[in-house]
Amino acid sequence: MKKYKLLALAALLSGAAVAQKKPLDHSVYDGWESIQERVLSNDGRFTVFTVNPQEGDGKLVLMRTDKSWSLEVPRGYGVSLSADSRYAVFSIKPTFKETRDAKIKKKRPDDMPKDSLGIVELGKSNVVKTPRLKAFKMPVLAGGWVAYHLEKPLPDTTKKPAAAPKNAQADSLRKVVDSLTALLQKFPEKVQQKYLDGVDADEPAGAAGAAANTGSELVWLELATGQKKTYKNVTDFAVDRNGNRLAIETAKAGRDSLAKAYVLAVDTRSGKVDTVQAGFSDVKNLVLDETGAQLAFIAERDSSSKAVQKFFKLWYWKQGADSAKLVADGKTPGKTIDWAVSEFGTISFSKSGKRLFFGVAPVMPPKDTTVPEFEKVQVDIWHYKDDYLQPYQLRNVTRETNRSYLTVYHTQNGKLVQLANKELQDLRPTGDGDGQLFWGVDDRASRIQSQWAGRGKSDLYVVDPETGVKTLVKKNVDGQPMGTNKQGNTLVWYETADKQYHTWKDGKEYVPTKSLKVKLYDEDNDVPDDPGPYGAMSWEKDGSAFYIYDMYDIWKLDPMAVAAPVCITNGNGRANNIVIRYQDLNREENYVETGKTYLFTLFNKKNKTAGLLWQELGGSFAGADRLRQTAPVRLAAFAKAKDADVLSFSTETFTQSPDMRVAAIADAVNNPVGVSSLLQPNAQQSQYLWGTAELIEWKAYDGKMTQGIVYKPEGFDPKKKYPMIAYFYETLSDGLYGYTAPAPTPSRLNIPFFVSRGYVVLAPDIHYRKGTPGQDAYDYIVSGARHLVKLGYVDSTKMGLQGQSWGGYQTAQIITMTKLFAAAWAGAPVANMTSAYGGIRWESGLNRQFQYEKTQSRIGATLWDRQDLYLKNSPLFHLPKVSTPLVIMSNDADGAVPWYQGIEMFTAMRRLDKKVWLLNYNGEAHNLVERKNRKDIQIREQQFFDWLLKGEQPTKWITEGVPATLKGREYGL
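Cut-offs used in this document
- Residues numbered from 1 in each chain as written.
- Predicted model: local features only at pLDDT ≥ 70, side-chain atom pairs only at ≥ 80, totals over all residues.
- Heavy atoms only, no water.
- Helix = DSSP H or I, 4+ residues; strand = E, 2+ residues; numbered from the N terminus.
- Rg over C-alpha atoms; globule rule 2.2 N^0.38 Å.
- Buried < 20%, exposed > 50% of the residue type's maximum accessible area, 1.4 Å probe, protein only.
- Areas by Shrake-Rupley, 256 points an atom, 1.4 Å probe, with all protein chains shown as cover.
- Lys, Arg positive; Asp, Glu negative; His and termini not counted.
- Charge placed at Lys NZ, Arg CZ, Asp CG, Glu CD.
- Pairing = 2+ DSSP bridges.
- Patch = residues over 30% accessible without salt bridge, like charges linked within 9 Å, V, L, I, M, F, W, Y side chains within 5 Å.
- Salt bridge = Lys/Arg side-chain N within 4 Å of Asp/Glu carboxyl O.
- Core = buried A, V, L, I, M, F, W, Y, C linked by side-chain atoms within 4.5 Å.
- Axes fitted to C-alpha atoms, helices over the stretch in contact; angles between N-to-C directions.
- Parallel < 35°, antiparallel > 145°, perpendicular 65-115°, else oblique.
- Contact = heavy atoms within 4.5 Å.
- Nonpolar A, V, L, I, M, F, W, Y, C, P; charged D, E, K, R; others polar.
- 1 Å grid on protein atoms, 1.4 Å probe; cavity = no way out; pocket = protein on both sides within 12 Å on 5 of 7 lines; lining within 4 Å.
- Points joined across faces, edges and corners; volume = space filled by probe spheres on them.
- Polar contact = N/O pair within 3.5 Å; in protein donor to acceptor, adjacent residues only side chain to side chain.
- Phe/Tyr/Trp six-rings, centres within 6.5 Å; stacked < 30°, edge-to-face > 60°.
- Lys NZ or Arg CZ within 6 Å of the ring centre and 35° of its normal.

*Asks:* Would you mind going over the overall build of the chain with me for this structure?
*Replies:* Regarding its fold elements, the chain presents 20 helices and 52 strands. Since a compact globule built from 973 residues should have a radius of gyration of about 30 Å, the 32 Å found for the chain is in line with a globular shape. With the principal axes as the frame, the chain shows a C-alpha extent of 95 × 75 × 70 Å. Taken over 973 residues, the chain has a buried fraction of 50%. Summed over all atoms, the accessible surface of the chain reaches about 45,600 Å², with 51% contributed by carbon and sulfur. For the chain, the distance from the average site of its 129 positive side-chain charges to the average site of its 112 negative ones is 3 Å.

*Asks:* Would you mind showing me how to read the pairing of strand E36 (residues 578-583) here?
*Replies:* Successive residues of a regular strand alternate their side chains across the two faces of the sheet. The element E36 is extensively covered by neighbouring structure, given that 5 of its 6 residues are classed as buried. Across 6 bridges, the pairing between E36 and strand E37 (residues 597-604) is antiparallel. Among the inter-strand pairings, Ile-580 is bridged to a residue of E37, identified as Leu-602.

*Asks:* How do you make sense of a nonpolar patch on the surface when you look at a structure like this?
*Replies:* A contiguous nonpolar patch, built from Val-377, Val-379 and Ile-381 and spanning about 340 Å² of accessible area, is present on the exposed surface. Position of Val-377 relative to the elements: it lies in the loop between strand E21 (355-361) and helix H6 (390-395). Val-377 sits in the exposed class, given a relative accessible area of 71%.

*Asks:* Just to check I follow, could you spell out the nonpolar core for this structure?
*Replies:* Among the nonpolar cores identified, the biggest contains 52 residues, and Met-724, Leu-788 and Leu-801 are the most heavily contacted of them. The dominant element in this core, judged by the number of residues it contributes, is helix H13 (residues 773-791), at 7 residues. Core analysis: the next-biggest nonpolar cluster, separate from the first, contains 38 residues, Ile-709, Tyr-739, Met-889 and Leu-919 among them.

*Asks:* Can you help me understand the packing of H13 against helix H14 (residues 806-814) in this one?
*Replies:* Packed helix pairs are characterised by how far apart their axes lie and by the angle those axes make with each other. Between H13 and H14, whose axes approach to 9 Å, the crossing angle comes to 85°. With respect to their mutual orientation, H13 and H14 come out roughly perpendicular. Across the interface between the two elements, Pro-773, Gly-774, Ala-777, Tyr-778, Ile-781 and Val-782 from H13 touch Trp-806, Tyr-809, Gln-810, Gln-813 and Ile-814 from H14. Class assignment of the residues belonging to the contact of H13 with H14 gives a composition of 8 nonpolar, 3 polar and no charged.

*Asks:* Even after reading the chapter, I still don't get the pattern of salt bridges, so can you show me in this structure?
*Replies:* Side-chain pairing between opposite charges can occur once the charged atoms of the two side chains come close. Evaluated as defined, the whole model comprises 47 salt bridges. Arg-241 is the partner of Glu-588 in a salt bridge, and the nearest nitrogen-oxygen pair spans 2.5 Å. Of the two residues, Glu-588 is situated in the loop between E36 and E37 and Arg-241 in the loop between strand E11 (228-239) and strand E12 (245-250); the sequence distance between them amounts to 347 residues. Classification of Arg-241 as partly exposed rests on a relative accessible area of 25%. Between Glu-466 and Arg-355 there is a salt bridge, with the nearest N and O atoms lying 2.8 Å from each other. On the criterion of sequence distance, the pair formed by Glu-466 in the loop between strand E26 (458-463) and strand E27 (470-477) and Arg-355 in strand E21 is long-range, its members being 111 residues apart. Glu-466 sits in the partly exposed class, given a relative accessible area of 35%. Overlapping salt bridges, with partners in common, bring together Asp-30, Glu-55, Arg-931 and Lys-935 in one network.

*Asks:* Just to check I follow, could you spell out the layout of surface pockets for this structure?
*Replies:* The gaps left among the atoms become clear once a water-sized probe is rolled over them. Its boundaries defined by the atoms lining it, the second largest pocket holds a volume of some 1,100 Å³. Of all elements in the fold, only strand E1 (33-40), strand E5 (76-81), E36, E37 and strand E39 (634-640) reach the threshold of two or more residues within the lining of the second largest pocket. Among the residues forming the lining of the second largest pocket, the class breakdown is 18 nonpolar, 7 polar and 8 charged.

*Asks:* Would you take a moment to explain the side chain of His-878 for this structure?
*Replies:* Examined against the element boundaries, His-878 turns out to sit in the loop between helix H17 (867-872) and strand E51 (886-889). The buried category is assigned to His-878, whose relative accessible area is 18%. Here the side chain of His-878 touches Leu-871 through a polar contact of 3.1 Å, landing on its backbone oxygen. Excluding residues that lie within four positions of it along the chain, His-878 makes contacts with Gln-813, Thr-816, Leu-871 and Lys-872.

*Asks:* Would you mind going over the sheet that holds strand E28 (residues 479-484) with me for this structure?
*Replies:* Backbone hydrogen bonds are what pair the strands of a sheet, in a parallel or an antiparallel way. Overall, antiparallel pairing links the 4 strands, which are arranged E28-E29-E30-E31 in an open sheet. Edge strands, defined here as strands with exactly one partner in the open sheet, are E28 and strand E31 (508-510). Neighbour-to-neighbour, the strand axes of the sheet open up by a mean angle of 20°, direction not taken into account. Two strands pair when backbone bridges link them, and E28 and strand E29 (residues 491-495) are joined in this way by 4 bridges, in the antiparallel orientation. Bridge pairing links Pro-481 to Trp-493 in E29.

*Asks:* Would you mind showing me how to read the sheet that holds strand E42 (residues 677-679) here?
*Replies:* In space, the 4 strands of this open sheet follow the order E39-E40-E41-E42, with antiparallel pairing throughout. With partners counted over all chains shown, the strands left at the sheet margins are E39 and E42, one partner each. Taking each pair of neighbouring strands and ignoring which way they run, the sheet shows an average axis angle of 35°. As paired strands, strand E41 (residues 660-664) and E42 are joined by 2 bridges and run antiparallel to one another. Across the sheet, residue Arg-661 finds its bridge partner in E42, namely Ser-677.

*Asks:* What exactly am I supposed to notice about the packing of aromatic side chains here?
*Replies:* How two aromatic rings sit relative to each other is set out by the distance from centre to centre and by the angle between their planes. Applying the stated criterion across every chain yields a total of 37 aromatic pairs. Relative to Phe-944, the ring of Trp-917 lies with its centre 5.7 Å away and its plane at 70°, an arrangement referred to as edge-to-face. A residue pair is termed long-range when its members are at least 10 positions apart, and Trp-917 in strand E52 (residues 916-919) and Phe-944 in helix H19 (residues 931-950) qualify at 27 residues. A single burial state applies to Trp-917 and to Phe-944, both of which are buried. Note on Trp-917 and Trp-947: the rings are 6.0 Å apart at their centroids and 90° apart in plane angle, and the pair reads as edge-to-face. Highlighted residues: Trp-917 in strand E52 and Trp-947 in helix H19, separated in sequence by 30 residues. For Trp-917, a relative accessible area of 13% puts it in the buried group. With a relative accessible area of 18%, Trp-947 lands in the buried category. Ring-pair connections join several aromatic residues into one group, and the members of that group are Tyr-29, Phe-753, Phe-754, Tyr-759, Trp-825, Trp-917, Phe-944, Phe-945 and Trp-947. Positioned above the aromatic ring of Trp-145 is the side chain of Arg-269, whose terminal nitrogen or guanidinium carbon lies 4.3 Å from the ring centre. The ring of Tyr-549 carries Arg-581 above its face, with NZ or CZ at 4.2 Å from the centroid.

*Asks:* Even after reading the chapter, I still don't get the environment of Arg-757, so can you show me in this structure?
*Replies:* Topologically, Arg-757 is positioned in the loop between helix H12 (751-756) and strand E46 (760-764). Judged by its relative accessible area of 23%, Arg-757 falls in the partly exposed class. Excluding anything up to four places from it in sequence, Arg-757 contacts Pro-23, Leu-24, Asp-25, Gln-942 and Lys-950.

*Asks:* Can you walk me through unusual backbone geometry in this structure?
*Replies:* In most cases, non-glycine residues show a negative phi, while peptide bonds are predominantly trans. Even without a glycine there, the phi angle at Arg-75 is positive, about 70°. Locating Arg-75 in the fold gives a position in the loop between strand E4 (70-74) and E5. A relative accessible area of 22% means that Arg-75 is categorised as partly exposed. With phi around 65°, Arg-858 is a residue other than glycine that occupies positive phi space. You can see Arg-858 is positioned in the loop between helix H16 (849-853) and H17.

*Asks:* What exactly am I supposed to notice about the environment of Phe-654 here?
*Replies:* Considering the arrangement of structural elements, one finds Phe-654 in the loop between strand E40 (646-652) and E41. By relative accessible area, Phe-654 is classed as buried at 4%. A sequence separation of 87 residues divides Phe-654 from Ala-741, and the C-alpha atoms of the two residues are 9.2 Å apart. When residues no more than four places from it in sequence are discounted, the contact partners of Phe-654 are Trp-690, Gly-691, Thr-692, Ala-693, Tyr-711, Leu-736, Tyr-737, Gly-738, Tyr-739, Ile-751 and Pro-752.

In structure tokens:
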């Protein structure tokens, strides 16, 4: 009896606690926080991260990982930690209010509030700030220094402007300035010493600074001593990874049209400044090699600022040289004759510095300036032989106009080799640019086919970067190239035709997975196309092995197919429903080594729990008991200290937002939930009603068992009848332990918001067959809803549907098949598959045919072959059966689903006298981007469901609408 009294008391106390909480409302969004920019110091002793609200001012948090020290910097972001783990350098935003007020006043970009630079010595509290920051860069591999570039100073508004000189005086002064400028240009060394020599940061700019017109100060700061060198009139800069050298581009000196720019190289240790080159009118893409011993850039020195075309050249400088030398222009041999150096190509050195990569491109014809723009014909010509449809071409016109073709300059022998061309456009370097062979695909023959197939077969090539010789590896490959080993001599790809991994080396092809009986492709594939692979883990450093995944486990392959494949996880993943995956925590390496220890994640496919392994590669992999040590959380955001076995990560559940945890790797792996949080955001959540997330199973109408998530309100009473909303897409149950913040929605259902307000939410998994997407949605969604009704806590007369995009289509289709639901909300639905089939995805410019024949829409046939399936699965043709009130969101700038699909459905339902509303957020995309629109739709969504599922009074936009004459004046809310 005593036990039952205690239980009753506990229930009363729990009920009282729930009663003191309040439901979420629309005022809570802005302050809800998330942790971002998680960084660990190299020694693992410090962590830095940002905590940002959805709207407003965030903060940068710096902490010692043992919690003995912490510091918060308001509005800090973009942090870098010095390689010696002593300093944090970051940007500091202006306040949200300052920026907002400036936007309201429509200030020019130069007059907008600017960032500041912040520097903190880790473990101390003093924040050194420098206003008007433009950019900063720190050497990745050397600690102790930072280069920062400042905006131009604001004009001094306290001084009265000098009276303008008379015309004669102005002419005389202009002649003097022109003469002096011309004279100075004859002495570039003296110019650079006077104009750019390092000076104390506090020294006035002087005459040289006054002469500058577009540049501003660059400061090289030694963090430990505070010593700085300041360089005037800088427009761009670069620093090598070891911090040995600064490359500086200056602005033109003075206002003379003949003035030129300079490129300088600064030895950061001695401060010595070398004039790399002088006399440019335009310089771009400064890049240093890893050690700072080599510098490259493109520049143009001949044309005037008003030239219709500019012809850039590639310049190269190395330590000890008097000046940069020209290594590539339009006439340089080794590339296509008369092709020019592209100003849009990426310039980079290989890791060894032996290769310098840049881009070349055909010279585009100049624009016709003889005809005024308003007289030019504007017409798009669609041709049946075009590789791509005009919308795709127009969507990518800038990319194609600026396309460049990979070319290499060999720095040791001065040889230039063009590697890519119009036939083999995209080439992938290997081995950090030092690989023996690069690889690429030629897909020209299958581009038209991709309109309806989504992809096509390609010819696979390798290219020798020393000679440019191209070797055909294989024609008509229908699959996914996965690159080469570190050495660049062995290529691997997956082919969908035989569902095998293939390798190539020295002219021979191998199939190292041929003897495997385990499926290496998506076992759950339910689209009418060949399944893709689970993918690759990594290469062994010496190129002797290649690691791949099946659904659960990891396999080691011999690229030459001599040794049989080995399951390094011993099949324990599959035996225990545990997905084992490698986590790449080292950005400096793109390979693994036997004998080294790596982090692996565990995910239980059955109960959705997660765990970690710290496992030696090549050793005895963890057994079944260890794999079962998973916890009811989601684990994510992994980062490892470079020089210490320290791991940072986050945990989250439906009720707990992602936190910040740091621990020794052994502790993190053994018990990640037991590691205490350094910071758990959103303490205010305890003031609001929340809820629970539970995994459920039931038998769908197709006879198969399926899973889903049911979200229940806090203080859930199984004897009570709740209103229910079903939210769906495809399969969602793997997200059981995912956290969703209450936020204005881009289009989907914000589950915590509705659960907090007393709704049960069902998120069912849906599995599909070829040709029956509508029926499949019905079989799983409706069966799941009726399952909850049978459990006794859902009111069968108060159930709704909400879906976006593919979920929006399924919503629209289901209400034509059942009268079960009292309310439905469909975002960006396809209503008519026959008209959508030939439409365009305007965001990409792609035709929509492939969606129906091969991917998500799952018809699996052309419109002409199976017209019956297109009609059967199109809600538009079944609308007379609808009785459920429906809201449609279709936006006029939707780049995925043409917004006329929503119009077709709205106008048809309106004619049939069905209850229907259409929301068109002007200029918005497939998912809402503007926060003001997200807030608006969240309010309307709540009002709609509260009206039909809770019996609340409908608002004006529901009962009367808002006429165009009141648009922007009244919102009907």
